[in-house]
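Here's the letter readout for the chains.
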Amino acid sequence: MDLFSRSWAALRTAVAELQDEDFARPSGCAGWSVRDLVCHLVIDAQDVLITLVTPAEADPTRDALTYWNVSEAPPTVDDPLDALIVRLAAAYEEPRLLKFHLDDVGSAAGRAAVLADPGLRVGTRDVVLTAGDYLGAYVLEWTLHHLDLVAYVPGAAGPPAEGLARSREMLERIAGAEFPASFSDTDALLVGTGRRAPTDAEKAVLGERAARFPLFLG
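So, here's what we can say about the structure. (Residues numbered from 1 in each chain as written. Predicted model: local features only at pLDDT ≥ 70, side-chain atom pairs only at ≥ 80, totals over all residues. Heavy atoms only, no water.)

Now for the packing of aromatic side chains. For the coordinates displayed, the defined rule picks out 8 aromatic pairs. A centroid spacing of 5.9 Å and a plane angle of 55° characterise the contact between F4 and W142, whose relative ring orientation is tilted. Taken together, the residues span a long stretch of sequence, with F4 in helix 1 (residues 2-16) and W142 in helix 5 (residues 131-150) at a distance of 138 residues. Of the residues examined, F4 reaches a relative accessible area of 1% and is grouped as buried. In this structure an aromatic cluster arises from ring pairing among F4, W8, Y67, W68, Y134, Y138 and W142. Here the basic side chain of R125 rests over the ring of Y67, its NZ or CZ set 4.2 Å away from the ring centre. (Phe/Tyr/Trp six-rings, centres within 6.5 Å; stacked < 30°, edge-to-face > 60°. Helix = DSSP H or I, 4+ residues; strand = E, 2+ residues; numbered from the N terminus. Buried < 20%, exposed > 50% of the residue type's maximum accessible area, 1.4 Å probe, protein only. Lys NZ or Arg CZ within 6 Å of the ring centre and 35° of its normal.)

Next up, the structure:
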């Protein structure tokens with residue numbers, strides 16, 4: 001729960017420190033600008049708020065690792081929700097408006113997470129899991145999107161070290177394979193989720209494990 005809060009606070013701070021011109025830069029999410037990505041974060045924050053006030057009576061069916069739908073193929077550009085986010089992002093004609101909306105909804109999501117009972121069972125995406133596991137899964141979400149946010153923004157601060165380490169551990173457990181120690185946490189996450197291709201040297205070090213990556217999480 002604490003790591004969720006630190007990761008989310010760091011990501012929101014990174015958005016708040018963006019310059020207006022940064023919103024037009026590409027992000028680490030293929031096909032999305034920084035503006036599009038920040039709009040997606042608003043939607044994510046709304047999802048957190050909705051989920052934490054949607055209690056479930058059934059036993060948990062997922063945990064922080066199995067929460068993710070894993071694919072070996074990247075998402076297509078035809079996804080209707082992705083297309084909607086791009087249109088919504090374009091409606092924020094001034095970056096300060098998008099910053100304000102994320103700060104407003106994002107702060108509320110952060111407070112809701114602090115107040116949540118970790119053992120509370122909640123429902124989302126037709127699955128049930130504890131609030132603690134749900135927020136734990138979002139550490140990976142926040143960390144990856146923080147990397148996406150700063151990918152092409154010179155000088156921008158990256159995710160907290162503890163969030164990177166935890167996200168790497170989660171990705172490795174989902175994949176059932178560990179990255180070599182020579183990979184930094186950031187490189188493991190970028191290569192492991194297809195955000196960049198491994199170099200020839202990295203492929204050589206990965207060996208047979210290269211076949212396990214990348215994984216696309218949705």
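Structure shown, so let's carry the discussion forward.
Where burial is concerned, the two faces of strand 2 (residues 121-124) differ: the one with V122 and T124 is buried and the one with R121 and G123 is not. Pairing between strand 2 and strand 3 (residues 127-130): 4 bridges, direction antiparallel. What sits directly across from R121, in strand 3, is T130. The loop that links strand 2 with its antiparallel partner strand 3 comprises 2 residues; one of these, R125, has a positive phi angle of about 55°. (Pairing = 2+ DSSP bridges.)

Residue position: H40 is located in helix 2 (residues 34-52). For H40, a relative accessible area of 14% puts it in the buried group. Not counting residues within four places of it along the chain, the set of residues in contact with H40 comprises W32, I85, E141 and H145. (Contact = heavy atoms within 4.5 Å.)

As a further point, take the pattern of salt bridges. Working definition: two side chains of opposite charge can pair if their charged atoms are close together. All told, the structure shown has 12 salt bridges when counted by the stated rule. R195 is paired through a salt bridge with D148; the nearest N and O atoms lie 2.6 Å apart. Placement of R195 in the loop between helix 7 (185-192) and helix 8 (200-206) and of D148 in helix 5 is noted, with a sequence separation of 47 residues between them. On the basis of relative accessibility, which here comes to 27%, the residue R195 falls in the partly exposed class. Of the residues examined, D148 reaches a relative accessible area of 1% and is grouped as buried. For R168, the salt bridge identified is with D185, shortest N-O distance 3.0 Å. Of this pair, R168 sits in helix 6 (residues 161-175) while D185 sits in helix 7, placing them 17 residues apart in sequence. Judged by relative accessible area, which is 11%, R168 ranks as buried. (Salt bridge = Lys/Arg side-chain N within 4 Å of Asp/Glu carboxyl O.)

Another aspect to go through is the environment of D185. Assessed through its relative accessible area of 24%, D185 is described here as partly exposed. For D185 and L164, which are 21 residues apart along the polypeptide, the C-alpha to C-alpha distance reads 5.8 Å. Apart from residues no more than four positions distant in its own chain, D185 is found in contact with A161, L164, A165 and R168.

The next thing to look at is the packing of helix 1 against helix 4 (residues 95-115). As a packed pair, helix 1 and helix 4 sit with axes 11 Å apart at the nearest point and diverge in direction by 170°. The orientation of helix 1 relative to helix 4 falls into the category roughly antiparallel. For the pair helix 1 and helix 4, the contacting residues are F4, S5, W8, R12, V15 and A16 in the first and K99, L102, G106, S107, A109, G110, A113 and V114 in the second. In terms of residue class, the contact of helix 1 with helix 4 is made up of 8 nonpolar, 4 polar and 2 charged. (Axes fitted to C-alpha atoms, helices over the stretch in contact; angles between N-to-C directions. Parallel < 35°, antiparallel > 145°, perpendicular 65-115°, else oblique. Nonpolar A, V, L, I, M, F, W, Y, C, P; charged D, E, K, R; others polar.)

So, on to a nonpolar patch on the surface. A contiguous nonpolar surface patch, about 240 Å² in accessible area, is contributed by L81, L84 and L88. One can find L81 in helix 3 (residues 80-91). (Patch = residues over 30% accessible without salt bridge, like charges linked within 9 Å, V, L, I, M, F, W, Y side chains within 5 Å. Areas by Shrake-Rupley, 256 points an atom, 1.4 Å probe, with all protein chains shown as cover.)

Right, let's talk about the packing of helix 1 against helix 5 for a bit. Two numbers describe how helix 1 lies on helix 5: the axes approach to 9 Å, and their chain directions differ by 25°. Taken together, the axes of helix 1 and helix 5 are roughly parallel relative to one another. By crossing handedness, the relation of helix 1 to helix 5 is classed as left-handed. Packed against helix 1, whose contacting residues are L3, F4, S7, W8, A10, L11, A14 and V15, the element helix 5 presents L135, Y138, V139, W142, T143, H145, H146 and L149 at the interface. The residue makeup of the contact of helix 1 with helix 5, split by class, is 12 nonpolar, 4 polar and no charged. (Left-handed = near helix turned anticlockwise from the far one by under 90°.)

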